[in-house]
Amino acid sequence: MLKYLKLENVGPAAKMELDLAHRLNIITGDNGLGKSFLLDVAWFVNTGSWPRDVNSGLTSGYKALPRDRSAKAIIELDAGWLVNSNSSAQRHQYEFERFSQSWSRIETMFSTPKILTIYALADGAVAIFDHARSGSPRTEVVDAGRSNDSHIPAFVFTQQEIMDGAFIKQKEKRDIYLSNGLIMDWAGWQKENGETFRILKKVLAALSPDQAHPIEPGELTRISIDDARDMPTILMSYGDREAEQVPVVHASSAMRRIVSIAYMLVWMWEEHKRVAHLIGHRLADELLILLDEVECHLHPSWQRKIVPALLEAVGELSKDLNVQLIATTHSPLVMASLEPHFDAEKDAWFDLDLVRDNGSKPEVVLTKRTFRKYGDAGAWLHSRAFDLTSTRSLEGEALIREAEKLMGQADPSVDEVRAVHQSLVDSLDQMDEFWDDWRLCWRKKGVLG
């Protein structure tokens with residue numbers, strides 16, 4: 001887990017610092033200001049690799065580079081095991097080496113076998129790091145094509161590999177199988193109908209958008225005469241019994257992302273238990289979750305509960321796991337959903353803005369903001385998280401500005417007022433709150449009846 005993260009001369013800002021909370025950390029900000037980048041860095045400092053360096057099939061997760069290639073670039077962190085009272089925070093640094101074009105540790109890095117890390121990227125990929133398997137974070141990685149026999153620094157799967165499984169092809173040696181994939185593992189767990197399948201069902205239910213209609217596994221099926229795999233299905237709440245059972249590969253983008261995250265959580269935990277047993281070590285008691293674009297593909301009804309649901313789902317793996325979640329979002333519904341759960345003592349909200357100071361060049365600024373309750377997702381759109389001056393269409397907002405300017409004039413022409421009035425009638429809903437001010441203004445002046 002991470003307590004503190006500082007970046008100098010790397011990423012979109014000259015300097016960024018995050019004093020992270022030990023449970024939930026939510027990051028907001030406009031596109032291109034560095035939300036996903038911060039998650040990539042959080043993954044790197046906890047694992048020693050960049051996601052795309054491990055798997056070149058990813059469309060994101062690239063290695064961070066200095067803003068100014070001629071100046072020193074540093075990533076500094078406090079690797080505090082925040083829940084474990086027997087250990088304290090440890091400050092460490094990485095520095096970018098221009099000759100090797102890589103990040104190197106300039107202090108001894110921490111080493112602990114008691115933490116798991118899972119990173120759900122916005123492109124559907126999922127990365128997993130288990131200290132019990134991989135040891136302490138390191139910068140050496142297998143090549144981008146996954147074709148040599150070097151140490152495996154992490155499990156990084158594309159969306160397709162999550163479904164179908166993944167392996168490392170080796171020259172003149174047996175291939176290394178990393179994962180059977182969701183389709184084969186789910187089918188196997190379902191046939192066994194043991195503890196693993198029970199946990200998967202509970203995690204799926206916890207991540208469901210509606211508890212009245214939870215995500216439930218259906219019967220295994222075949223989708224093609226040319227595909228010998230038994231295909232997992234999901235029970236849907238429409239149609240007759242036959243139509244309700246939708247193969248996971250035919251499910252919606254939102255459903256596939258959620259079942260992929262559910263599967264990877266269960267797979268990660270099951271693999272960790274096996275490794276811990278093999279090496280004779282106790283199970284991890286801490287889990288770091290990195291989640292990019294929480295709302296990706298999700299219907300608004302799902303956005304309203306996904307973060308609390310994810311924290312609940314982890315509890316189905318083990319009641320002893322302490323979780324730190326660092327997530328990014330563009331969704332006012334996600335922010336509103338946090339209001340009943342946000343605790344300033346263990347949660348934090350960070351906001352990225354593009355700031356112009358006295359006409360100078362705009363700079364990206366990261367601010368730790370005080371979380372307040374707006375009580376409504378629409379109100380969050382006007383907050384510092386999203387900075388919208390209006391929730392109307394751009395055309396409607398421009399028309400309101402024109403109308404307000406006209407209302408401020410001492411003696412506008414009747415024809416001009418009536419022309420703008422007609423434009424408002426054509427553009428605004430009759431229940432729009434602007435009508436009260438508009439009509440009151442012109443009735444007082446005797447222009448509108």
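Cut-offs applied
Residues numbered from 1 in each chain as written. Predicted model: local features only at pLDDT ≥ 70, side-chain atom pairs only at ≥ 80, totals over all residues. Heavy atoms only, no water. 1 Å grid on protein atoms, 1.4 Å probe; cavity = no way out; pocket = protein on both sides within 12 Å on 5 of 7 lines; lining within 4 Å. Points joined across faces, edges and corners; volume = space filled by probe spheres on them. Helix = DSSP H or I, 4+ residues; strand = E, 2+ residues; numbered from the N terminus. Nonpolar A, V, L, I, M, F, W, Y, C, P; charged D, E, K, R; others polar. Pairing = 2+ DSSP bridges. Patch = residues over 30% accessible without salt bridge, like charges linked within 9 Å, V, L, I, M, F, W, Y side chains within 5 Å. Areas by Shrake-Rupley, 256 points an atom, 1.4 Å probe, with all protein chains shown as cover. Salt bridge = Lys/Arg side-chain N within 4 Å of Asp/Glu carboxyl O. Lys, Arg positive; Asp, Glu negative; His and termini not counted. Charge placed at Lys NZ, Arg CZ, Asp CG, Glu CD. Buried < 20%, exposed > 50% of the residue type's maximum accessible area, 1.4 Å probe, protein only. Axes fitted to C-alpha atoms, helices over the stretch in contact; angles between N-to-C directions. Contact = heavy atoms within 4.5 Å. Phe/Tyr/Trp six-rings, centres within 6.5 Å; stacked < 30°, edge-to-face > 60°. Polar contact = N/O pair within 3.5 Å; in protein donor to acceptor, adjacent residues only side chain to side chain. Parallel < 35°, antiparallel > 145°, perpendicular 65-115°, else oblique. Left-handed = near helix turned anticlockwise from the far one by under 90°. Core = buried A, V, L, I, M, F, W, Y, C linked by side-chain atoms within 4.5 Å.

Re empty space enclosed by the protein
Turning to step 1, where the next piece is worked out: In this structure the tally under the stated criterion is five cavities of 30 Å³ or more.
Turning to step 2, where the next piece is worked out: Roughly 150 Å³ of volume is contained in the largest cavity.
Turning to step 3, where the next piece is worked out: Contributing to the lining of the largest cavity are 16 residues, with Ala-120, Ile-261, Ile-289, Leu-291 and Leu-310 lying nearest its centre.
Turning to step 4, where the next piece is worked out: Looking at the lining of the largest cavity, the elements that each hand over two or more residues are strand 7 (115–120), helix 8 (253–279), strand 15 (286–291) and helix 10 (306–317).
Turning to step 5, where the next piece is worked out: Considering each element in turn, the lining of the largest cavity owes the most residues, four residues, to helix 8.
Turning to step 6, where the next piece is worked out: In terms of residue class, the lining of the largest cavity is built from 15 nonpolar, no polar and one charged.

Remarks on the sheet that holds strand 12 (residues 216–217)
Note: strands within a sheet are paired through backbone hydrogen bonds, in either parallel or antiparallel orientation.
Turning to step 1, where the next piece is worked out: In space, the three strands of this open sheet follow the order 12-13-14, with antiparallel pairing throughout. Where the open sheet ends on each side, the last strands, each with one partner, are strand 12 and strand 14 (245–247).
Turning to step 2, where the next piece is worked out: Two strands pair when backbone bridges link them, and strand 12 and strand 13 (residues 233–235) are joined in this way by two bridges, in the antiparallel orientation. Each residue of the ladder has a partner; that of Glu-216, found in strand 13, is Leu-235.

Observations concerning a negative patch on the surface
Turning to step 1, where the next piece is worked out: Taken together, the side chains of Glu-404, Glu-433, Asp-436 and Asp-437 make up a negatively charged region of the molecular surface.
Turning to step 2, where the next piece is worked out: Examined against the element boundaries, Asp-436 turns out to sit in helix 15 (residues 434–444).

Some thoughts on the pattern of salt bridges
Turning to step 1, where the next piece is worked out: Counting across every chain of the model gives 17 salt bridges.
Turning to step 2, where the next piece is worked out: Residues Arg-369 and Asp-351 are paired through a salt bridge, measuring 2.9 Å at the closest nitrogen-oxygen approach. Here the residue Arg-369 occupies a position in strand 18 (residues 363–369), and Asp-351 occupies one in strand 17 (residues 347–355), the gap between them amounting to 18 residues. Of the two residues examined, Arg-369 and Asp-351, each falls in the buried class.
Turning to step 3, where the next piece is worked out: We note a salt bridge from Arg-384 to Asp-387, for which the minimum N-O separation is 3.5 Å.
Turning to step 4, where the next piece is worked out: Residues participating in the shared-partner salt-bridge network are Lys-6, Glu-8 and Glu-76.

A word on the packing of helix 5 (residues 182–192) against helix 6 (residues 195–206)
Turning to step 1, where the next piece is worked out: Between helix 5 and helix 6, whose axes approach to 8 Å, the crossing angle comes to 115°. From helix 5, Trp-186, Trp-189 and Gln-190 reach across to helix 6, where they touch Thr-196, Phe-197, Leu-200 and Leu-204.
Turning to step 2, where the next piece is worked out: Here the contact of helix 5 with helix 6 is composed, by residue class, of five nonpolar, two polar and no charged.

Quick word on the packing of aromatic side chains
Turning to step 1, where the next piece is worked out: The tally for this structure, following the rule as stated, stands at 16 aromatic pairs.
Turning to step 2, where the next piece is worked out: For the ring pair Phe-96 and Trp-103, a centre distance of 5.2 Å and an interplane angle of 65° mean the geometry is edge-to-face.
Turning to step 3, where the next piece is worked out: Judged by its relative accessible area of 7%, Phe-96 falls in the buried class.
Turning to step 4, where the next piece is worked out: Trp-103 sits in the buried class, given a relative accessible area of 2%.

A look at the side chain of Asp-351
Turning to step 1, where the next piece is worked out: With relative accessibility at 0%, the residue Asp-351 sits in the buried group.
Turning to step 2, where the next piece is worked out: At 2.9 Å, the side chain of Asp-351 forms a polar contact with the side chain of Arg-369.
Turning to step 3, where the next piece is worked out: With residues up to four places along the chain from it excluded, the contact list for Asp-351 reads Thr-28, Gly-29, Val-365, Leu-366, Thr-367, Arg-369, Arg-384 and Ala-385.

Examining the sheet that holds strand 5 (residues 91–97)
Turning to step 1, where the next piece is worked out: What the five strands build is an open sheet, ordered 2-1-4-5-6; its pairing is antiparallel. At either end of the open sheet lies a strand with only one pairing partner, and these are strand 2 (15–19) and strand 6 (102–105). Pairwise comparison of adjacent strand axes, ignoring direction, gives a mean angle of 15° for this sheet.
Turning to step 2, where the next piece is worked out: Looking at chain direction, strand 4 (residues 74–78) and strand 5 are connected through five bridges and run antiparallel.

Here we look at the packing of helix 5 against helix 8
Turning to step 1, where the next piece is worked out: Viewed as axis vectors pointing N to C, helix 5 and helix 8 meet at an angle of 65°, and their least axial separation amounts to 11 Å. Overall, the two elements helix 5 and helix 8 adopt an arrangement that is roughly perpendicular. Relative to helix 8, helix 5 is oriented so that their crossing is left-handed. Facing Leu-182, Asp-185, Trp-186 and Trp-189 of helix 5, the residues of helix 8 in contact are Val-259, Ser-260, Tyr-263, Val-266 and Trp-267.

Digging into the pairing of strand 4
Turning to step 1, where the next piece is worked out: The element strand 4 is extensively covered by neighbouring structure, given that five of its five residues are classed as buried.
Turning to step 2, where the next piece is worked out: The alternating pattern of strand 4 places Ile-74, Glu-76 and Asp-78 and Ile-75 and Leu-77 on opposite faces, both of which are buried.

Thoughts on the nonpolar core
Turning to step 1, where the next piece is worked out: By size, the foremost hydrophobic cluster in this structure holds 72 residues, and its most contacted members are Ile-118, Trp-186, Leu-207, Met-264, Leu-287 and Leu-317.
Turning to step 2, where the next piece is worked out: Look past the residues within four positions of Met-264 in its chain and what remains in contact with it is Ile-118, Val-126, Ile-128, Phe-157 and Ile-162.

Keep in mind these values describe shape, not function.
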